[in-house]
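Given next are the chains, with one letter for each unit.
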Amino acid sequence: MKKASIIMIVGPLFLLGLYFFPLWNIMLGAPQYPDPLGMNIHINGLKGVNEFDIQNIDGLNHYIGMQTLPKVEDMWEFGTFPLIIGAMVALGVLIGILGYFNKVGHKWFWGWFVLMSILGVLGMYDFNAWLMDYGTNLDPNAIMKLTNPDGTPMTYKPPLLGHVKMLNFDVTSLPSTGGWLMFVGMMLTLAAGYIGWKSSKKQ
C-alpha cells in the first residue's frame, strides 16, 4: 500500500503544471499567414503563441462579426479554475499521505480520480459552450456577412478537439503541455488505485 500511496501523492502534483503551461492550444493557419496564428488557453487566461497573435485574431474576427477574445475579468472561469486545481492537488496529496499511514484505502484513490474526471468533463462542456457562443453569436452589423449554400448565416465555431476548415483557415484544437501533464497525473492516480487494490487482495 505504501508504493500505491507514494504514486498517489506524486500524481496530483502533475496538475501543478497547469499553473505554468497552457491547458489547450488553438492554431489558425492560412496562405496569407506563413506563421500560423495561435492562442494558448491557460486556466487563468488566454495568451497568444506569438506576441501579436491575440490582436491579429481579434482583428480578423471583427470583419465577420465574432466577439473579441475574453480578458481575465470577462470570464469567471479564469478566477475559479486555479482555485479548483489547487484544491484538487491538495486533496489528492492528503489522500496519498493518509493512505501511506494506512488511514484510508485504495478506494479513496479511485474516488479522487472519479471526482477529477467529473470536473474535467464539466470543464470541457463549459469550454465547448464558450466556443459555441464565440462562433455563432455574431454581430448582425459585421462588415462581412457570409452565408452557407442554403442561405443560412455561416458560423465559425472552432473545434473542441481536432481540425476543421473555416473559410481559408485551417483551425486545429489540441491539448497543450498542461493538459498532457494533467492527463499523466490522473493516470498515475488510477494506477495508484489499481496497485492499492492488488496490495489489499494479497493481504
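The coordinates are above.
Below, the structure is looked at part by part. A quick note: this is a predicted structure, and the numbers were derived from the prediction, not measured.

Let's shift gears to the sheet that holds strand E5 (residues 169-175). Sheet architecture is open: five strands sit in the order E3-E2-E1-E5-E4, paired in antiparallel fashion. Only two strands of the sheet have a single partner each, and these edge strands are strand E3 (45-48) and strand E4 (162-166). Adjacent strand axes in the sheet meet at a mean angle of 20°, parallel and antiparallel pairs treated alike. Pairing between E4 and E5: five bridges, direction antiparallel. Bridge pairing in E5 links glycine 162 to serine 173.

We now examine the pairing of strand E1 (residues 24-30). Here E1 lies mainly inside the structure; six of its seven residues are buried. For E1 and strand E2 (residues 33-42), the ladder comprises six bridges, and the chain directions are antiparallel. From the neighbouring strand, asparagine 25 faces E2, where its bridge partner is asparagine 40. The turn joining E1 and E2, which pair antiparallel and follow one another in sequence, is formed by two residues.

Our focus in this paragraph is helix H4 (residues 106-136). With 31 residues, H4 extends 45 Å from end C-alpha to end C-alpha; this agrees with the ideal 45 Å at 1.5 Å per step. By the burial criterion, the buried members of H4 are His106, Phe109, Trp112, Phe113, Met116, Phe127, Trp130, Leu131, Tyr134 and Gly135.

This part covers the layout of surface pockets. Within this model, the largest pocket holds a volume of roughly 790 Å³. If you go around the largest pocket, you meet 33 residues; those closest to its centre are Leu23, Gly120, Gly123, Met124 and Met182. Within the residue set of the lining of the largest pocket, elements represented by two or more residues are E2, helix H3 (77-100), H4 and helix H5 (177-202). Residue contributions to the lining of the largest pocket peak at 12 residues, all from H4. Residues that form the lining of the largest pocket fall into these classes: 26 nonpolar, five polar and two charged. The space that makes up the second largest pocket amounts to roughly 340 Å³. At the level of elements, E1, helix H2 (53-64) and E5 are the ones that each hand at least two residues to the lining of the second largest pocket.

The next thing to look at is the pairing of E5. Alignment of E1 against E5, held across six bridges, turns out to be antiparallel. From the neighbouring strand, tryptophan 24 faces E5, where its bridge partner is proline 175. Linking E4 to E5, which pair antiparallel, is a turn of two residues; within it leucine 167 sits at a positive phi near 55°.

Thresholds, definitions, all that
- Residues numbered from 1 in each chain as written.
- Predicted model: local features only at pLDDT ≥ 70, side-chain atom pairs only at ≥ 80, totals over all residues.
- Heavy atoms only, no water.
- Pairing = 2+ DSSP bridges.
- Helix = DSSP H or I, 4+ residues; strand = E, 2+ residues; numbered from the N terminus.
- Axes fitted to C-alpha atoms, helices over the stretch in contact; angles between N-to-C directions.
- Buried < 20%, exposed > 50% of the residue type's maximum accessible area, 1.4 Å probe, protein only.
- Expected span 1.5 Å × (residues − 1).
- 1 Å grid on protein atoms, 1.4 Å probe; cavity = no way out; pocket = protein on both sides within 12 Å on 5 of 7 lines; lining within 4 Å.
- Points joined across faces, edges and corners; volume = space filled by probe spheres on them.
- Nonpolar A, V, L, I, M, F, W, Y, C, P; charged D, E, K, R; others polar.

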